[in-house]
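# Observations on chain architecture
Take a look at the letters that make up each chain.
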Amino acid sequence: MYIGEVAKKTGLSVKAIRFYEEKDLIIAPKRKGVYRVYTPEHIEVLKLISEAKDLGVTLSELKGVIKYHNGSANWTEINAFLVVIRQRLENELQAISEKIAKLDICIGSINSCQKTA
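Residues numbered from 1 in each chain as written. Predicted model: local features only at pLDDT ≥ 70, side-chain atom pairs only at ≥ 80, totals over all residues. Heavy atoms only, no water.

Naming follows an unreviewed UniProt entry, where the protein appears as HTH-type transcriptional regulator CueR of Pseudoalteromonas rubra. Quoted verbatim from the Subunit (unreviewed entry) heading of the UniProt record, the comment on the protein is "Homodimer." (UniProt positions renumbered as here; feature names shortened; annotations may be inferred.)

Printed below as a string of structure tokens:
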């Protein structure tokens, strides 16, 4: 499929797709004449990039993880990376929960002081 269709399927701009290709985040697609021809594998990796960015993963982190072997992404390594990202998000969630608990204590103290005043 051509880049316009890939853009529609991934929600990415043509410019972003070309940028990711330039940065070697996706393997260079084969060409049919002057046109790049993308595969379903390209779509999956592009979706991964987009979703990972939404989770706060940087492109440099992704660059170190998205590796190809014989033209296919190493999904085992990508999966292991995503497990690490999940743990990082859980840690962030725990830290936020602790901050909320501290705020609740402060709010409770303020409310108690106002009732006695």
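Let's shift gears to the packing of helix H3 (residues 40–54) against helix H5 (residues 75–116). Running from amino to carboxyl end, H3 crosses H5 at an angle of 15 degrees, the nearest separation of the two axes being 13 Å. Judged on the interaxial angle alone, H5 and H3 are roughly parallel. The two elements H3 and H5 cross, and the hand of that crossing is left-handed. On H5, the residues touching Glu41, Glu44, Val45 and Leu48 of H3 are Trp75, Ile78 and Leu82. Taken together, the residues that form the contact of H3 with H5 break down as five nonpolar, no polar and two charged. (Axes fitted to C-alpha atoms, helices over the stretch in contact; angles between N-to-C directions. Helix = DSSP H or I, 4+ residues; strand = E, 2+ residues; numbered from the N terminus. Parallel < 35°, antiparallel > 145°, perpendicular 65-115°, else oblique. Left-handed = near helix turned anticlockwise from the far one by under 90°. Contact = heavy atoms within 4.5 Å. Nonpolar A, V, L, I, M, F, W, Y, C, P; charged D, E, K, R; others polar.)

Using the residue numbers shown here, the UniProt feature "domain: HTH merR-type" (unreviewed entry) corresponds to residues 1–68. Annotation note: span residues 1–68, helix share 57%, strand share 10%, distance between end C-alpha atoms 20 Å.

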